Amino acid sequence: MLSIHVVSHTHWDREWYHTAGRFRQRLVALVDELLDDPPAAGASFLLDGQAVVLEDYLAVRPERAGELAAALQRGAIEAGPWFVLADELIPGGEALVRNLLAGRRVLRALRADAPGVLYCPDSFGHPAALPELAQGFGLPMTIVWRGFGGARWPEGDACWWHAPSGARVLLYHLPPSGYEFGESLPTDPVLARERWQRISAVLQPRARLGLALLTNGADHHARQLDLPLALEQLRQSATPVPVVASSLNAFAAAAVGAAASRELPAVQGELRDSYGYAWTLQGTLASRAHQKRRARIAERVLVRDVEPWAALAARRGGASSRALVNAAWRELLLCHPHDTLCGCSIDAVARAMDARLDEVAAQADGLRQDAVHALVGQDADWARRARESWRPQVLLRNPAARSRAGVAIVEIREFGADVPVGPGSARTHRLPRRRASASPHIDGLGEAQLLDTAFAFDRTEAPRAYPDNDLVRVTHAAVWIPHIDGYAVRPHELHADGIPNVAATLPHVVESGVMSMSNGLIAVHVGDDGRVACSSADGLWRVDDLLALEDQDDLGDLYTPSPRGEVRRAEFLNGRMVVQGPLRSVIETRWRVNVRTAERVTVRVRLLLDAGAPFVRVHVTGGNAARDHRLRLRVRTNCGTDAVVADAAFGPVERAPLNVPDEDQAAESVPPTAPLHRYVSVFGAARGVTLYADGLAEYEATLQGDLIATLLRAVGELSRADLPERPGHAGWPEHAPQAQCLGPFGAEFAVFPHGPRSEATAIAVEQVADDVLLPIAGATLRSAVSVRAFGPGLALEGDGLAFSCARESEDGAWMVLRCVNLLAREVSGRWAMGIPIREARLSRLDETPGDAIPCDEHGVSFVAPPRAVVTVLVR
């Protein structure tokens, strides 16, 4: 016989149609009431599966921390395991792990634990790797709503969901009305009987476990005032079906126990199809596209260019910075709630997100600089006192776990003049200026090409002194790096005696002609009409019209695009050769889109080709002065679409168009777009092409094999009810004029032609992703005093193994090393380090140590099962 577990809850969008501060005022009242009048024994009130609300409450009520902790410990209030209920399709796998770690951190500070459920009640779809996350945090069950359900999925409310690695989790699916199905239960006996009939008609036919969850609450709802009476009336109406006031943890335990003795269907892959069951809301991927791009860049910097350096510095005996790294992550995670990151919030929320992203960028730069300086032995205090001993160095760093060669863009800073600050500076009538060199020389890196130069202010800072403020000349130069170890830092002294010409022996230098360039691997030519012809040197791939800028009216809202009318092609204005090799060549083209009278979009597209690179970079910048439209970049591949493989959380997934019948699209149309992470590849029988993007979140793959990335969507309403693609309001209607995205915009791409789908191609695509998005970089340390090289730092060995993270563990006792096996077969791997290792263990994602594995002084070996995510702890 079916039993009903009633769990009272609130669905708490931290910010949405109000700011976080305004919603917090209601949150404080809600939690105050729960502490003053707790739920009955055995029952709970669920704070929506996220822990950030606990922090928000205690920021205002710190004096009630003990009471809140006690309520969490006895289960009267439940929260977590997430820190925030994030969008799950836009962030990467490591960001989702940091989210769960941060949630656990908040709860453990209150000596509490989360329910044993990966609770995802309102996410706009779910990644294929979510079972991996659940298993990796010891959570046997997940609860979802959108993205699953309907004719194309198994019937019923429970199934086993498998990740690509085979990790599985019990999936419990909410009814079509989702988490608000049991809100405002009636106290009137007649109404209670009518309500039970509706509840029973939905829950009983779907029940696969002999029990069902009835969530009593809705968006930002406080606890129902007359809940005991309403539950009693529901019990009487439901007799003989038992109805119990329960908790999420109790329901999960009962459901997992029941699943052990039942045959349940199995599903795998992404959950992005609930059409005909519930709104899936897959149209938010390009809303406020610039913010998604900034958030993704910040995430990549923290994971790949901050955490590894900070962990290596701590392992070398430096001070741990994990608390500061966590603080930077916290600011980024506060941008990840689905209404925030998805862009479907009011303008004030978007402005708050921009401020947080500014903070993340500033903190990340500081953390990386401090870690790199610690690794090369730079003492800021000593250097500040010993200016006469400065010997400026260019510090090259390789933010990849493999040795590489290639072109690095280095930033050279040369002293121009001292710029005093303070009262004494008013008496300075003339700045003593020392002329910066026309052609700086970098020891050991003679092969360089100047790209641009400008003047800027530069401060040399130290903990125990005011900064030294200078005017400097900033030069960017392309430099050929023949070899640098993985996660190594190499200093090169900077002189002012000129850069020699590029050596003729460099591999695949770029040769330039009139609006053309070739490095022996890729050839690019721009015609008089702006058409870009691109071909591979092996002659197996050629496209005569690689790129197109396309614009179309969009009368949708922040949830759902509504493209209308004819597609407008951009008008070519002019083109020019900006930079002519031999290490980098750049062709610039300018375009204009006349959206409507007095509303235009101007676009500059730069094509960049580097020596030795098997890909061409495409940098897009522009200015948007038009409303209610969508601008996209089309990349023609000439490959067809036998298969489309897109990067996703913890490894790529193959995507096919959703086949949804018209009757299931009556309430919501299926958009042809999909989530874009680092890359998307299209494969034909003989060739494939991969498009890389630096943070934009939406692409479309056409049947002809074209890849289309959305540069911006300019709309001005949070929600509209008159869209043919989604009749009805998806959110509370509000004007959102800043979502028209007027002003500058930009994005960076790369196009990589390669062979057909194979293991070798998968490995090449992943390696090129690092070369495109995480190139070797160099920056000037003007105050260098006796710095040393660091490296080899860290290398990942093994076919098809992709770096995922290297960071300090939560407790500081270990260094966490994680990789993903991209291949469908077992792979032997090894982490090699330049720091002695004395112990190594396998681990879950949540850093729970497992079995010991073999290690020696500078490496640890492991076996990665097919498509597995492998976490190793070393110390």
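J.: Explanation requested: the packing of helix α4 (residues 93-109) against helix α11 (residues 322-333) in the structure shown.
T.: The relative placement of two packed helices is expressed as an angle between their axes plus a distance between the axes. Interhelical geometry of α4 versus α11 gives an angle of 110° and a closest axis separation of 10 Å. With respect to each other, α4 and α11 are oriented roughly perpendicular. The residues of α11 that touch α4, namely those facing A95, R98, N99, A102 and R105, are N326, W329 and L333. Across the contact of α4 with α11, the residue classes tally to four nonpolar, two polar and two charged.

J.: Just to check I follow, could you spell out the sheet that holds strand β17 (residues 511-513) for this structure?
T.: In any sheet, the strands associate via hydrogen bonds between backbone groups, in a parallel or an antiparallel arrangement. Read across the sheet, five strands follow the order β17-β18-β19-β20-β21 without closing on themselves; strand pairing throughout is antiparallel. Two strands lie at the open edges of the sheet, namely β17 and β21 (542-543), each paired on one side alone. Where strand β18 (residues 516-518) lies against strand β19 (residues 522-526), three bridges are found, and the strand directions are antiparallel. Looking across to β19, one finds that S518 is bridged to A523.

J.: For this particular structure, what's the right way to read the pattern of salt bridges?
T.: Any two side chains of opposite charge can pair if their charged atoms end up close together. Throughout the structure, instances matching the rule amount to 76 salt bridges. Notably, a salt bridge pairs R294 with D358, separated by 2.6 Å at the nearest N-O pair. One end of the pair, R294, is in helix α9 (residues 289-305); the other, D358, is in helix α13 (residues 347-376), with 64 residues separating them in the sequence. You can call R294 partly exposed: its relative accessible area is 30%. Looking at D358, the relative accessible area reads 46%, which means it is partly exposed.

J.: How should I be thinking about the packing of helix α6 (residues 189-206) against helix α7 (residues 227-238) in this particular structure?
T.: One way to put it is that α6 packs onto α7 with a least axis distance of 9 Å and a crossing angle of 65°. The handedness of the crossing between α6 and α7 comes out as right-handed. Contacts between α6 and α7 involve P189, A192, R193, W196 and I199 on the former and, on the latter, Q233, L234, S237 and A238.

J.: Would you take a moment to explain the confidence of the model for the protein for this structure?
T.: The predicted coordinates should not be examined in detail at positions where pLDDT is low. Chain-level statistics for the protein give a pLDDT mean of 95 and a share of 97% at 70 or above. Low pLDDT, under 50, characterises residues 498-504; the stretch is placed with 15 contacts to residues that sit more than four places away or in other chains.

J.: Please explain helix α1 (residues 20-36) as it appears in this structure.
T.: Residue pairs three or four apart in sequence face the same way in an α-helix, which turns once every 3.6 residues. Between the first and last C-alpha of α1 there are 24 Å, a value that for 17 residues agrees with the 24 Å anticipated at 1.5 Å per step. Restricting attention to buried positions, one finds in α1 the residues A20, F23, L27, V28, L30, V31, D32, L34 and L35. Buried positions along α1 lie against β2 (45-46), α2 (52-60), α3 (65-73) and β3 (77-78).

J.: I tried to follow the pairing of strand β42 (residues 840-843) on my own but got confused; where do I start?
T.: Looking along a regular strand, one sees the side chains alternate between the two faces of the sheet. Two strands pair when backbone bridges link them, and β42 and strand β46 (residues 869-874) are joined in this way by four bridges, in the antiparallel orientation. The residue bridging S843 from the neighbouring strand is T871, located in β46. Where β42 lies against strand β43 (residues 849-852), two bridges are found, and the strand directions are antiparallel. Residue pairing for β43: S843 is matched across the bridge by P849. As consecutive antiparallel partners, β42 and β43 are separated by five residues, and within that stretch E847 has a phi angle of approximately 75°, a positive value.

J.: For this particular structure, what's the right way to read the pairing of strand β29 (residues 643-646)?
T.: Residues A643 and V645 point to one face of β29 and V644 and A646 to the other, with burial holding for every one of them. Judged from the four bridges that link them, β29 and strand β32 (residues 679-683) form a sheet pairing that is antiparallel. Paired with V645 across the two strands is S681, which belongs to β32. Bridge count between β29 and strand β30 (residues 653-654): two bridges; the pairing is antiparallel. Across the sheet, A646 pairs through a bridge with V653, a residue of β30. The loop that links β29 with its antiparallel partner β30 comprises six residues; one of these, F650, has a positive phi angle of about 55°.

J.: Looking at this structure, how should I read the sheet that holds strand β4 (residues 118-120)?
T.: One open sheet accounts for five strands, arranged β4-β5-β7-β6-β10; its pairing is mixed. Either end of the sheet is taken by a strand with one partner, and the two such strands are β4 and β10 (266-268). Put simply, the sheet's adjacent strands are angled 30° from each other on average, direction ignored. Pairing of strand β6 (residues 158-162) with strand β7 (residues 168-173) involves five bridges; the strand directions are antiparallel. If you follow W160 over to β7, its bridge partner there is L170. Where helix α8 (residues 248-259) meets the sheet, its contacts fall on β4, β5 (141-144), β6 and β7, and the angle it forms with β5 comes to roughly 115°.

Basis of the calculations
Residues numbered from 1 in each chain as written. Predicted model: local features only at pLDDT ≥ 70, side-chain atom pairs only at ≥ 80, totals over all residues. Heavy atoms only, no water. Axes fitted to C-alpha atoms, helices over the stretch in contact; angles between N-to-C directions. Helix = DSSP H or I, 4+ residues; strand = E, 2+ residues; numbered from the N terminus. Parallel < 35°, antiparallel > 145°, perpendicular 65-115°, else oblique. Contact = heavy atoms within 4.5 Å. Nonpolar A, V, L, I, M, F, W, Y, C, P; charged D, E, K, R; others polar. Pairing = 2+ DSSP bridges. Salt bridge = Lys/Arg side-chain N within 4 Å of Asp/Glu carboxyl O. Buried < 20%, exposed > 50% of the residue type's maximum accessible area, 1.4 Å probe, protein only. Left-handed = near helix turned anticlockwise from the far one by under 90°. pLDDT = per-residue confidence, 0-100. Expected span 1.5 Å × (residues − 1).

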